[in-house]
Number of protein chains: 2
Amino acid sequence: DDVVDHSDDEFWAKEPYRDKRLIIKTAKPFNAEIPPKLQVEHFNTPNELFYVRQHMPVPDINENEHKLTVTIVGKTTKVKEFTLKDLRKFKPVSVNAALMCAGNRRSEMNKVKPVKGLSWTTGAISNAEWSGVLLRDVLLHCGLDTENIDDKHVILTGADTDATGTQFSTSLPLRDALDTVLLATHMNGAPLPPDHGRPLRAVAPGAPAVRSVKWLQSITISTEESSSHWHQRDYRSFNPSTTWETADFPTAPPVYSLPVTSAICDPEDGETVTVEDGHIEVRGYAYSGGGARVLRVDVSADGGASWRAARLRQHAAPPARHFAWTLWSARLPLAGAPAQVEIWVKATDSNFNTQPEKFNDIWNIRGILSNAYHKIKVNLKY
Amino acid sequence: DDVVDHSDDEFWAKEPYRDKRLIIKTAKPFNAEIPPKLQVEHFNTPNELFYVRQHMPVPDINENEHKLTVTIVGKTTKVKEFTLKDLRKFKPVSVNAALMCAGNRRSEMNKVKPVKGLSWTTGAISNAEWSGVLLRDVLLHCGLDTENIDDKHVILTGADTDATGTQFSTSLPLRDALDTVLLATHMNGAPLPPDHGRPLRAVAPGAPAVRSVKWLQSITISTEESSSHWHQRDYRSFNPSTTWETADFPTAPPVYSLPVTSAICDPEDGETVTVEDGHIEVRGYAYSGGGARVLRVDVSADGGASWRAARLRQHAAPPARHFAWTLWSARLPLAGAPAQVEIWVKATDSNFNTQPEKFNDIWNIRGILSNAYHKIKVNLKY
Ligand SMILES: [Mo]
Ligand SMILES: [Mo]
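Predicted model only: the values in this text are computed from it and were never measured.

Of the regular secondary structure elements, chain A holds six helices and 22 strands. Counting every position in chain A, which comprises 382 residues, the buried fraction comes to 60%. When the accessible surface of chain A is split by element, carbon and sulfur atoms take 49% of a total near 15,200 Å². Separation between the mean location of the 44 positive side-chain charges and that of the 46 negative ones in chain A comes to 3 Å.

Glancing now at the sheet that holds strand E4 (residues 67-72) of chain B. Residues and elements named next belong to chain B. Strand order in the open sheet made by the five strands is E5-E4-E13-E8-E9, with mixed pairing throughout. Because the sheet does not close on itself, it has two edges, and the strands there are strand E5 (78-83) and strand E9 (167-173). In this sheet, neighbouring strand axes are inclined to one another by 15° on average, regardless of whether the strands run parallel or antiparallel. Pairing of E4 with E5 involves six bridges; the strand directions are antiparallel. Directly across from Lys67, in E5, lies its bridge partner Thr83.

The next thing to look at is the side chain of Asp234 of chain B. Residue and element names in this part refer to chain B. Within the secondary structure, Asp234 sits in the loop between helix H6 (229-232) and strand E14 (261-266). The buried category is assigned to Asp234, whose relative accessible area is 7%. Ignoring any residue separated from it by four or fewer positions in sequence, one finds Asp234 in contact with His229, Phe249 and Arg366.

With that out of the way, let us pick up the relation of the copies chain A and chain B. Laying chain A over chain B is done by rotating through 180° and shifting 0.0 Å along the axis; what remains is an RMSD of 0.0 Å. Look at the turn and shift together and you get a two-fold axis relating the two. Closest to the rotation axis within chain A is the C-alpha of Pro356 of chain A, separated from it by 2.3 Å. Same-surface contact between copies: 100% of interface residues of chain A are shared with the interface of chain B.

A few words now on the packing of aromatic side chains. Counted according to the given criterion, the structure contains 24 aromatic pairs over all chains. Ring plane angle 20° and centroid distance 5.8 Å describe the contact between Phe50 of chain A and Tyr51 of chain A, whose orientation is recorded as stacked. The burial state of Phe50 of chain A is the same as that of Tyr51 of chain A; both residues are buried. Measuring from ring centre to ring centre gives 5.6 Å for Phe50 of chain A and Trp130 of chain A, while their planes differ by 80°; the resulting arrangement is edge-to-face. Placement of Phe50 of chain A in the loop between helix H1 (36-39) and strand E3 (52-53) and of Trp130 of chain A in strand E7 (residues 125-134) is noted, with a sequence separation of 80 residues between them. We note that Phe50 of chain A, like Trp130 of chain A, is buried. Through a chain of ring-to-ring contacts, the aromatic side chains of Phe50, Tyr51, Trp120 and Trp130 of chain A assemble into a single cluster. When the ring centre of Phe30 of chain A is taken as origin, the NZ or CZ atom of Arg18 of chain A, which lies over that ring, is 3.9 Å away. Over the ring of Trp363 of chain B we find Lys113 of chain B; its NZ or CZ atom is 4.2 Å from the centre of that ring.

On inspection of all chains with the given rule, the structure shows 42 salt bridges over all chains. For Lys37 of chain A, the salt bridge goes to Asp266 of chain A, with nearest N and O atoms at 3.8 Å. Here the residue Lys37 of chain A occupies a position in helix H1, and Asp266 of chain A occupies one in strand E14 (residues 261-266), the gap between them amounting to 229 residues. Among the ionic pairs, Arg18 of chain B bridges to Glu15 of chain B, the shortest N-O distance being 2.9 Å. We classify Arg18 of chain B as buried; its relative accessible area is 11%. Within the structure, one salt-bridge network assembled from shared partners comprises Lys37, Glu41, Asp266, Glu268, Glu271 and Arg283 of chain A.

Residues and elements named next belong to chain B. Strands sit in the order E15-E22-E21-E17-E18 across an open sheet of five strands; the sheet is mixed. Each edge of the open sheet carries a strand with a single partner, namely strand E15 (272-274) and strand E18 (308-309). Looking at chain direction, strand E17 (residues 294-300) and strand E21 (residues 340-349) are connected through six bridges and run antiparallel. Across the sheet, Val299 pairs through a bridge with Val345, a residue of E21.

Take the side chain of Thr326 of chain A next. Residues and elements named next belong to chain A. Its location among the elements puts Thr326 in strand E20 (residues 326-333). Reaching out from Thr326, the side chain makes a polar contact with the side chain of Gln314 at a distance of 2.8 Å. Other than its neighbours up to four places away in sequence, Thr326 contacts Gly284, Tyr285, Ala286, Val294, Leu312, Arg313 and Gln314.

Moving on, we get to the pairing of strand E21 (residues 340-349) of chain A. Residue and element names in this part refer to chain A. Burial analysis of E21 places eight of its ten residues in the buried class, the great majority of the element. One ladder, built from six bridges, connects E21 with strand E22 (residues 374-381); its direction is antiparallel. In the strand pairing of E22, Ile343 is matched with Ile376.

Here we come to the interface of chain A and chain B. Listed per partner, the contact involves 43 residues of chain A and 43 residues of chain B. Note on chain A versus chain B: buried area summed over both sides is about 2,900 Å², and carbon and sulfur give 46% of it. On the chain A side of the contact with chain B, Phe352, Asn353 and Asp361 of chain A bury the most area, a combined 23% of that side's loss. Inspection of the chain A/chain B interface yields zero salt bridges. Where chain A packs against chain B, one counts 16 residue pairs in polar contact (both at pLDDT 80 or more). Counting only elements with at least two residues in the side of chain A that touches chain B, the list comes to helix H5 (174-180), strand E17 (294-300), strand E18 (308-309) and E21 of chain A. Of the residues in the side of chain A that touches chain B, the class split is 20 nonpolar, 13 polar and ten charged.

Bringing the environment of Pro240 of chain B into the picture now. Among the structural elements, Pro240 of chain B can be located in the loop between H6 and E14. Spatially, the C-alpha atoms of Pro240 of chain B and Glu342 of chain B are 26 Å apart, while their sequence positions differ by 102 residues. Setting aside anything within four residues of it in sequence, one finds Pro240 of chain B in contact with Trp307 and Lys346 of chain A together with Lys113, Asn360, Asp361, Ile362 and Trp363 of chain B.

What follows deals with unusual backbone geometry. For the bond from Asp266 of chain A to Pro267 of chain A, the omega torsion is 5°, close enough to zero to count as cis. Within the secondary structure, Pro267 of chain A is located in the loop between E14 and strand E15 (272-274). The phi torsion at Asp277 of chain A lies on the positive side, around 60°, for a residue other than glycine. Looking at where Asp277 of chain A falls in the secondary structure, it is placed in the loop between E15 and strand E16 (279-287). Positive phi values are uncommon outside glycine, yet Trp215 of chain B reaches one of about 50°. The topology assignment puts Trp215 of chain B in the loop between strand E12 (201-203) and strand E13 (216-222).

Of all residues in chain A, 99% attain a pLDDT of 70 or more, and the chain-wide mean is 96. Reported for the predicted complex are a pTM of 0.96 and an ipTM of 0.96.

All names here are of chain B. With respect to the helices and strands, the residue Trp325 is situated in the loop between strand E19 (311-313) and strand E20 (326-333). Judged by its relative accessible area of 0%, Trp325 falls in the buried class. When sequence neighbours within four positions are dropped, the list of residues in contact with Trp325 reads Gln39, His42, Phe43, Thr45, Ala98, Ile125, Ser126, Asn127, Tyr285, Ala286, Tyr287 and Arg313. Separated by 2.9 Å, the side chain of Trp325 and the backbone oxygen of Phe43 make a polar contact.

This brings us to the state of the cysteines. Residues and elements named next belong to chain B. Tallying each qualifying case throughout the model produces zero disulfides over all chains. In this structure Cys265 is not part of a disulfide, and its nearest cysteine sulfur, from Cys101, lies 16 Å away. For Cys265, a relative accessible area of 0% translates into the label buried.

Criteria and thresholds
Residues numbered from 1 in each chain as written. Chains lettered and ligands numbered in written order. Predicted model: local features only at pLDDT ≥ 70, side-chain atom pairs only at ≥ 80, totals over all residues. Heavy atoms only, no water. Helix = DSSP H or I, 4+ residues; strand = E, 2+ residues; numbered from the N terminus. Buried < 20%, exposed > 50% of the residue type's maximum accessible area, 1.4 Å probe, protein only. Areas by Shrake-Rupley, 256 points an atom, 1.4 Å probe, with all protein chains shown as cover. Lys, Arg positive; Asp, Glu negative; His and termini not counted. Charge placed at Lys NZ, Arg CZ, Asp CG, Glu CD. Pairing = 2+ DSSP bridges. Axes fitted to C-alpha atoms, helices over the stretch in contact; angles between N-to-C directions. Contact = heavy atoms within 4.5 Å. Least-squares fit on C-alpha atoms with pLDDT ≥ 70 in both. Phe/Tyr/Trp six-rings, centres within 6.5 Å; stacked < 30°, edge-to-face > 60°. Lys NZ or Arg CZ within 6 Å of the ring centre and 35° of its normal. Salt bridge = Lys/Arg side-chain N within 4 Å of Asp/Glu carboxyl O. Polar contact = N/O pair within 3.5 Å; in protein donor to acceptor, adjacent residues only side chain to side chain. Buried area = accessible area lost by both parts, 1.4 Å probe. Nonpolar A, V, L, I, M, F, W, Y, C, P; charged D, E, K, R; others polar. pLDDT = per-residue confidence, 0-100. Disulfide = S-S within 2.5 Å.

If you want it as structure tokens, here you go:
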């Protein structure tokens, strides 16, 4: 992934404390999953258990001095600076939203054919109540012309910096961002932890988490997308026949939303489960990007010959404005008394999209958007 | 489908003239597909070739006398009537949108296991430029309180009537409808033909066509969904294990959007195609509901072992506001010189949802939302 050598220890000297229950995928930069059973324990993931996805070291920011620069590029370019105190003058808003890495469940796609990227299992998604102010309100205050938004982008730049001094940056289409993006200072009622962007983070509900830029330092409204490596050379969509040699990044669609997905979190693959009264209890999550709401989660213990609709635990937000994940549970009947069973899960969202059964036809070089049925095998005890 | 006996000839005496090229599925009520090759001939389907889906006879309406009644149910219920002349005082708007029957491609799902409904092939979708006024503007004029819209519905009732005198009716969530619904008087620049709702039709872009109520006579804003048979006992989503005996219609999600789909229109299944220079030309459509835009169409001639991205012909509307279909074409390379080839197509939309490969796991008693890969076999000539 990384194009720059980050091996200097000095560079990583200020990393924050992390909860020991997180499952570390890489230490520098810090990338860690939440364990599956803890994932389904809480609708809003406790801050210390929220999965962590970093590209660089965590910047050490003095909240009282932090400034957000907003630039609206145009005939006469407008620039304004905001302290956190300035931002608090805007109307406070909250949104309940899951953030999911576009690479969540990459390890399953990797089994079809190797892909490049962090080997995430199902733990690169968590859910929180985010609080702050609306990007829209701040941009209107800065004099944004809301008549001409269709070919514009919001470039978001963080304070995290690689060894060459390049800051993390990506962008979103302005139209999407005006509808949904929060400038968040709080997560589940507490100030953002350092790993999640203290003191200020963009939260782009329904989009891959990479667009929710942490340690937010500047916002630029432009006719151009972000020119950063992370935006131009990553998080783009390709078909299974595209190779690293044939991939044409500039014309490939940037990933600004996420397809419907689901996972079984409890039991875990390979566990031994006690059968009670011919049934086993199964729990997990489901999620769909772009504001879609999960409408149904179906679970099968017979390779899709029969499906049982799970009980859903959901946020109240309506379809098209639904950004939270869905937790689900099912009491699954077993035929006979097998020693082992394979469990499948698939979800249907409010656009009635479902998941593909297999990864083959959604396979892509970067291993993103890996949303086929989740299938696990468990051993049974009677 | 029909619960009422419509066999009386008198009842059907005023049916309009229909283009002879339409492929009739049922004569009374008139249901007809557009032939596949004509489907891809025009981005905006000529009005006379637009597929037709009726539940009852076409009502014969005098435009000059037609009135739309708008009722906002509340502590003090508000009622207003509009002639077509009154409606013309609102700001004129147009939207380019495909309308697709929720049962489009039912015949393919039916092959897995029989379903109930009209045996549509791939021809129950067409595209048009619709013109009229915004439902939103009319409701604001009628004093709609836009603060409390989340648990409300827009009940749309047509002038079409069954043999017992019951008028066709269905509803949409108010939040969705305020964003998108048009009260249309024109289709591709001409007054609506009788088969498409003359003189006034609701057009609900991104929703199954059944919500785009023709011969619109009344609009009611209510905390209740439509109580009609068509709304309560049809167009709801079930999993493959739900039977007519176990189906619980009141708790099943009404279908208000449509998943991503695609079809090959030229050649047709079973046709003989000439191979030129080791390639064949393939054309078709793709579509996704809820405002999603099709981002890529992939075609395979080797059972998914390799995929070729098609050229796309699209409307300019951005994702989340994209309601038109996409026409596509591909020059597909063939390995060797086979006598027959199976061609597969699948589309990916702006939420990165894709189609399931097979119908098995999306099968449902009513045969709706039938969006697996379209697969055809053609004979090859050299
Ligand atoms: Mo990510
Ligand atoms: Mo339909």
